[in-house]
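So you can see what is in the structure, the chains are spelled out below.
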Amino acid sequence: MELCVNIDHVATLRNARGTPYPEPVVAAAMVELAGAHGITVHPREDGRHIRPDDVRRIRPMTAGRFTLEMANTPANRALALEVKPDLVTLVPEKRQELTTEGGLDAARQVGAVRELVSALADAGIPTSLFIDPQRAQIEAAVAAGAAFVEFHTGRYADATTESARAAELEAIRRAVGEARAAGLRTNAGHGLHLHTTRPIARIEGIEQLHIGHGIIARAVFVGLERAVRKS
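For every chain, the first residue of the written sequence is number 1, and numbering continues from 1 onward in sequence order. At least 70 in pLDDT is required for a residue's local features to be given in this predicted model, at least 80 for side-chain atom pairs to be given and counted, and no such filter applies to totals for whole chains, interfaces and linings, which use all residues. Side-chain numbers here rest on the full set of heavy atoms in the structure, without hydrogens or water.

Novice: Please give an account of the nonpolar core that cites residues and values.
Specialist: Here, nonpolar core refers to any group of buried Ala, Val, Leu, Ile, Met, Phe, Trp, Tyr and Cys residues whose side-chain atoms link them within 4.5 Å. Three labels apply to residues, based on accessible area from a 1.4 Å probe with only protein chains included: buried if under 20% of the type maximum, exposed if over 50%, partly exposed otherwise in between. If you look at the biggest cluster of nonpolar residues, it comprises 62 residues, and the most contacted ones within it are Val 41, Ile 58, Leu 129, Ile 200 and Val 228. Residues are treated as being in contact if the distance between any of their heavy atoms lies within 4.5 Å. When residues no more than four places from it in sequence are discounted, the contact partners of Val 228 are Leu 3, Val 5, Val 31, Ala 34, Ala 36 and Ile 215.

Novice: For the packing of aromatic side chains, give the residues involved together with the corresponding values.
Specialist: Geometry of aromatic contacts follows a simple scheme: Phe, Tyr and Trp rings, the Trp one being its six-membered ring, pair when their centres are within 6.5 Å, and the pair is stacked under 30 degrees between planes, edge-to-face over 60, tilted otherwise. As enumerated under the stated definition, the model contains zero aromatic pairs in all. The ring of Tyr 156 has Arg 165 sitting right over it, with the charged end atom 5.7 Å from the ring centre. Here, a charge over a ring means that NZ of Lys or CZ of Arg falls within 6 Å of the ring centre while also lying within 35 degrees of the ring normal.

Novice: So, the pairing of strand 6 (residues 148–152): which residues are in play, and what are the values?
Specialist: What counts as a helix is a DSSP run of H or I of at least four residues, what counts as a strand is a run of E of at least two, and both are numbered from the N terminus. Along strand 6, five of the five residues are buried, which leaves the element largely enclosed by surrounding structure. Burial of strand 6 is two-sided: the residues Phe 148, Glu 150 and His 152 facing one way and the residues Val 149 and Phe 151 facing the other way are all buried. By the bridge criterion, four bridges tie strand 5 (residues 127–131) to strand 6 in an arrangement that is parallel. Bridging across to strand 6, Leu 129 finds its partner in Val 149. In terms of handedness, the path from strand 5 via helix 6 (residues 135–144) over to strand 6 forms a crossover that is right-handed. Between any two strands, pairing holds if DSSP finds at least two bridges. By the bridge criterion, five bridges tie strand 6 to strand 7 (residues 185–189) in an arrangement that is parallel. Paired with Glu 150 across the strands is Asn 187, a residue of strand 7. We call a crossover right-handed when, viewed with both strands directed away from the observer, the connection leading from the first strand over the helix to the second proceeds clockwise.

Novice: Please give an account of the pairing of strand 4 (residues 87–90) that cites residues and values.
Specialist: Within a regular strand, the side chains alternate between the two sheet faces. Taking every second residue as pointing to the same face, both faces of strand 4 are buried, with Leu 87 and Thr 89 on one and Val 88 and Leu 90 on the other. As defined by bridge partners, strand 3 (residues 65–70) adjoins strand 4 across four bridges and the pair is classed as parallel. Pairing of Thr 67 across the sheet is with Leu 87, part of strand 4. Summarising the sheet, strand 4 and strand 5 pair through three bridges and their orientation is parallel. Across the sheet, Thr 89 pairs through a bridge with Ser 128, a residue of strand 5.

Novice: I'd love a proper account of the packing of helix 5 (residues 110–122) against helix 6, names of residues and values included.
Specialist: Only C-alpha atoms enter the line fits that serve as axes; for helices the fit covers just the stretch in contact. Angles between N-to-C directions range over 0 to 180 degrees. Taken N-terminus to C-terminus, the directions of helix 5 and helix 6 make an angle of 45°; their axes are 8 Å apart at the nearest point. Relative to helix 6, the element helix 5 is oriented oblique. In terms of crossing hand, the pair formed by helix 5 and helix 6 is right-handed. For the pair helix 5 and helix 6, the contacting residues are Val 110, Val 113, Arg 114 and Val 117 in the first and Ala 140, Ala 143 and Ala 144 in the second. Polar here means any residue outside two lists: the nonpolar Ala, Val, Leu, Ile, Met, Phe, Trp, Tyr, Cys and Pro, and the charged Asp, Glu, Lys and Arg; Gly therefore counts as polar. Residues belonging to the contact of helix 5 with helix 6 are distributed by class as follows: six nonpolar, no polar and one charged. In what follows, roughly perpendicular refers to angles from 65 to 115 degrees, roughly parallel to angles under 35, roughly antiparallel to angles over 145, and oblique to any angle outside these ranges. Rotating anticlockwise by less than a right angle from the far helix to the near helix defines a left-handed crossing, while the corresponding clockwise rotation defines a right-handed one.

Novice: With reference to specific residues and values, describe helix 3 (residues 52–61).
Specialist: Taken as a whole, helix 3 has its buried residues at Asp 54, Val 55, Ile 58 and Arg 59. Projected down its long axis, helix 3 carries its buried residues within an arc of 125°, all on one side. Exposed residues on helix 3 whose side chains face more than 90 degrees from its buried face are Asp 53 and Pro 60. Elements that come into contact with the buried residues of helix 3 comprise helix 1 (8–17), helix 2 (24–33), strand 2 (38–41), strand 3 and helix 4 (74–83). Along the arc lie the directions from the helix axis toward the C-beta atoms.

Below, the structure is given as structure tokens:
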């Protein structure tokens, strides 16, 4: 299983004071030197953290996998076609949300998703859909022609009781099996941190974990290299 580290919140800290530091490009290099298999970024419409210019600077220096998370907008499509990431992960985006609040409702927009997936595929870019672990969403991903799905682990990570967490974990495990049986490759991420990652990592069939906030937050106390290595 591969670890892809989302470095958005390095840019969040930079943007809080409008300074040129901390530099996301340096963070990306340090993350890979610490052993991560790839870098993940998510430029948002409001530019709250990673911005298009960051994406353009980070992409050429990334040695491992480079994943671009994005909403389905003309600007993001143009950016993806320009920088040619190793993977585009299509995510929902609400203007006022603090972080992505749930999976993409692909079942309600199969046509639009299929059109984007096709355009990216023509440029040699595979697409993943960030979805909740639900059969209807898996079926929509297949219908849209996606190569991957990334299962939203937020409800699992945020569960406040052992029984609730166990139920969410089982839903993810079941969904991974269903997706792979349908011919999809499977990733997972969102909200994972040091104390919640291991059970997800034990699920057979998940190829990549995408973890950001938990690693960057821990790095404040133990350093970025150690935070990546211990994840």
